[in-house]
Amino acid sequence: MDRLASSETEARCVWVNGPVIVGAGPSGLATAAWLGRLGVPCVVLDRADRIASLWHYRTYDRLKLHLPKQFCQLPFLPFPPHFPEYPSKHQFLSYLHSYAAKFGIRPRFNQSVLSTQFDPLCGLWRVRTLDLAADSGRTTEYICKWVVVASGENAQPVLPDIPGLDKFKGRVLHTCAYKSGEDFRGQRVLVVGCGNSGMEVSLDLCNQGAKPYMVVRNS
Ligand SMILES: Cc1cc2nc3c(=O)[nH]c(=O)nc-3n(C[C@H](O)[C@H](O)[C@H](O)COP(=O)(O)OP(=O)(O)OC[C@H]3O[C@@H](n4cnc5c(N)ncnc54)[C@H](O)[C@@H]3O)c2cc1C
C-alpha cells in the first residue's frame, strides 16, 4: 500500500497520493483497511517501531481486553472463534498483526510527527516527521491532501502535580510503566484512581503479595 501511495521526489520530501494517517494503533489500522477497500492508497506513520505500540509497550502483563471481544474487533476481520470473550493482550496483538498483514498495511515506523500544517495556497497538508531510528535529526515532509490523526488518547502519560511528591522516597510510576505486582511483593502501594486500570492493578498487587491502598477523587 505504501509503495503505491507515495513517490519520493527527493530525500526529504514525499508526495502522498492519498491521506497520511498518523498512528498505527487499532484506529490507524482500521482506517487504512477501509481506505484500502475503497481503493484509496495511504501512508501510515508511527513514531514507534511496530504497530499497536500502546498494547505492546505500555500495558501491564495480565491485561485482557476490558470489553467483550465483539466490541473491539476491527472492520472486515472478526476475532478468531477460539479467542475467549476477553482476549489477552497477546491475543489482541497477534490479531492486530494478522490484520495489518491481511490488508497489506505497512506503516513507516520511527517517524515521529512533529507538526501538521495546512497550506491554504496550494490546499495541501505538510506533515513534518523526525526519523527516530536514524538518530541523525533527519526530518521528512510528507505532502498530502488529507491527514487522519489516529494518535490515540493515551499517547502521553499524565502524572498529577501532587504537592510534596518530590520528597517521597518510594517509587512513583504511571500505569503505562507498570508490568506486574511481582515487583512490589511485600510492599504497601498507593493506587491513585479506580478506573479499569486502577482496579486491575490493585487486584494484581493483591495476587502478587503486595498490599494495595486506593484513593479516589470522587465517589
Ligand atoms: C489498560 C487499557 C485497557 C484497554 N482496554 C480496551 C478494551 O478492552 N477495548 C477497547 O476497545 N479499548 C481498550 N483500551 C483503549 C485503547 O486506547 C484502545 O484499545 C486502542 O489502543 C486505541 O487505539 P488508537 O489507535 O486510537 O490509539 P493507540 O493504540 O494509542 O495508537 C496510537 C498510535 O499513534 C502513535 N503516535 C502517537 N503520537 C504520534 C506522533 N506524534 N507521531 C507518530 N505516531 C504517533 C503511537 O505510537 C501509537 O502507536 C484500553 C486501553 C488501556 C490503556
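All values reported here derive from a predicted model rather than from experimental measurement. Here the residue index of a chain counts from 1 through its sequence in written order. Per-residue local features are limited, in this predicted model, to residues with pLDDT of at least 70; the limit for side-chain atom pairs, both in listing and counting, is 80 or more; totals at the level of whole chains, interfaces and linings are taken over all residues. Processing note: side-chain calculations cover all non-hydrogen atoms of the structure and skip hydrogens and water entirely.

## Re the site of the ligand
Ser27, Asp46, Ser53, His66 and Val113 are the nearest of the 25 residues found near the ligand. A distance of 2.6 Å is found between an oxygen atom of the ligand and a side-chain nitrogen or oxygen belonging to Ser27. Interatomic distance of 2.9 Å between a backbone N/O atom of Val113 and a nitrogen atom of the ligand. Taking 980 Å² as the accessible area of the ligand by itself, protein coverage stands at 84%. Strands here mean DSSP runs of E at least two residues long; helices mean DSSP runs of H or I at least four residues long; both are numbered from the N terminus. Among the secondary structure elements, those contributing two or more residues to the shell around the ligand are helix 2 (26-37), helix 3 (53-57) and strand 5 (111-119). Note on residue categories: nonpolar means Ala, Val, Leu, Ile, Met, Phe, Trp, Tyr, Cys or Pro, charged means Asp, Glu, Lys or Arg, and polar means any other residue, Gly included. In terms of residue class, the shell around the ligand is built from 11 nonpolar, 11 polar and 3 charged. We call a residue near a molecule or strand when any one of its heavy atoms sits within 4 Å of it. Each polar contact in these results corresponds to two N or O atoms within 3.5 Å; when the atoms are within protein, one needs to be able to donate a hydrogen and the other to accept it, and residues that are neighboring in sequence are counted only if both atoms are side-chain atoms. Accessible surface is estimated by sampling points in the Shrake-Rupley manner with a 1.4 Å probe; for residues, cover comes only from the protein chains shown.

## Notes on the sheet that holds strand 3 (residues 20-22)
Whether two strands pair comes down to DSSP finding at least two bridges between them. Spatially, 3 strands are ordered 4-3-8 in an open sheet, and the strand pairing comes out parallel. The open sheet has two edge strands with one neighbour each: strand 4 (43-45) and strand 8 (147-149). Neighbour-to-neighbour, the strand axes of the sheet open up by a mean angle of 20 degrees, direction not taken into account. Inspection of the sheet shows strand 3 paired to strand 8 by 3 bridges, in the parallel sense. Across the sheet, residue Val20 finds its bridge partner in strand 8, namely Val147. It only takes one pair of heavy atoms within 4.5 Å for two residues to be counted as in contact. Each axis is a line fitted through C-alpha atoms, and for a helix only the stretch in contact is used; angles between axes span 0 to 180 degrees, taken between their N-to-C directions. Together, strand 3, strand 4 and strand 8 form the strand contacts of helix 2, whose direction differs from that of strand 3 by roughly 160 degrees.

## Quick notes on a nonpolar patch on the surface
Together, Leu159, Ile162, Leu165, Phe168 and Val172 give the surface a local cluster of nonpolar side chains, amounting to about 430 Å² of exposed area. For Phe168, the position within the fold is in the loop between strand 8 and strand 9 (188-192). Patch membership is restricted to residues that have no salt bridge and whose relative accessible area is over 30%. Joining uses 9 Å for like charges and 5 Å for the nonpolar side chains Val, Leu, Ile, Met, Phe, Trp and Tyr. Here, a salt bridge means any side-chain nitrogen of Lys or Arg that lies within 4 Å of a carboxyl oxygen of Asp or Glu.

## Brief notes about the environment of Gly39
Mapping Gly39 onto the fold places it in the loop between helix 2 and strand 4. Sequence separation of Gly39 and Gln70 is 31 residues, and the distance between their C-alpha atoms is 27 Å.

## Here's the deal with the domain arrangement of the chain
Here the chain is described as being made up of domain 1 (2-149) and domain 2 (165-215). The start and end points of each domain follow an automatic or database-based domain assignment. Here the C-alpha centre of domain 2 lies 32 Å away from the C-alpha centre of domain 1. Across the contact, 9 residues belong to domain 1 and 11 residues belong to domain 2. Buried area, as used here, totals the accessible surface that two parts lose on assembly, with accessibility defined by a 1.4 Å probe and the loss added over both. When domain 1 packs against domain 2, the two sides together hide about 890 Å² of surface, and 45% of this comes from carbon and sulfur. Looking at the side of domain 1 facing domain 2, the largest losses of area belong to Tyr60, Arg62 and His66, adding up to 66% of the total buried there.

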